[in-house]
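The residues making up each chain are set out below.
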Amino acid sequence: MDLFDKLAFLGRKYEQQTVPYTTRTRFAMDEILRLFDQVAILELTPYAGNKEGETLRPDPVRKIKVSLLDNGFSALHSDVSDWFEVYRTAPSGDLSKVKIVVYDPSNVRLGEIRMLVGRRTYEHYFEEDPIFEAIARRDGQ
């Protein structure tokens, strides 16, 4: 995120999102995962209670992506019985900030996940699949 994006986000406020095709604001875990299935997570920071976790970013060299399930929900020890509220800013270019607030079934706030999301790009993927290359080298020997 460059300086202009940071300045643009300063004036943006989070808007509460609804579950697609409904008017509900309470998301289930599977609805959250489907909502963010087609976007790239460029930064993810879990907040368990009021304690900030490690901010994670994709590794462009090893092509390791950030996972909402593995890096977000698991850091909060969240499971499928929990429910979620999603807040999102208007985009600045291709980037948008997202805040997911996690509640347990008895409506106790467990924490939140803050993310910077954008469009997927080719830099997140290998041009040639290294697994197929390894198989081809092995079969060629």
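It should be emphasised that the depicted structure is a prediction, and the values quoted were computed from it without experimental measurement. (Residues numbered from 1 in each chain as written. Predicted model: local features only at pLDDT ≥ 70, side-chain atom pairs only at ≥ 80, totals over all residues. Heavy atoms only, no water.)

(A) Layout of the overall build of the protein chain. Each helix and strand in the protein chain was counted, giving 4 helices and 6 strands. Within the protein chain, the fraction of its 141 residues that count as buried is 33%. Of the contacts made within the protein chain by residues no fewer than 6 positions apart, 58% connect residues no fewer than 24 positions apart. Total accessible area computed for the protein chain in this model is approximately 9400 Å², and 53% of it derives from carbon and sulfur atoms. (Helix = DSSP H or I, 4+ residues; strand = E, 2+ residues; numbered from the N terminus. Buried < 20%, exposed > 50% of the residue type's maximum accessible area, 1.4 Å probe, protein only. Contact = heavy atoms within 4.5 Å. Areas by Shrake-Rupley, 256 points an atom, 1.4 Å probe, with all protein chains shown as cover.)

(B) Layout of the pattern of salt bridges. Taken as a whole and assessed by the stated rule, the structure comprises 7 salt bridges. Across the pair Glu-15 and Lys-13 runs a salt bridge, and its minimum N-O distance is 4.0 Å. Judged by its relative accessible area of 40%, Glu-15 is partly exposed. Overall, the relative accessible area of 59% leaves Lys-13 in the exposed class. In this structure, Glu-43 engages Arg-57 in a salt bridge whose closest nitrogen and oxygen atoms are separated by 3.3 Å. Linking Glu-43 in strand β2 (residues 40–48) with Arg-57 in the loop between β3 (51–52) and α3 (68–73), this pair joins segments that are 14 residues apart in sequence. Judged by its relative accessible area of 51%, Arg-57 is exposed. (Salt bridge = Lys/Arg side-chain N within 4 Å of Asp/Glu carboxyl O.)

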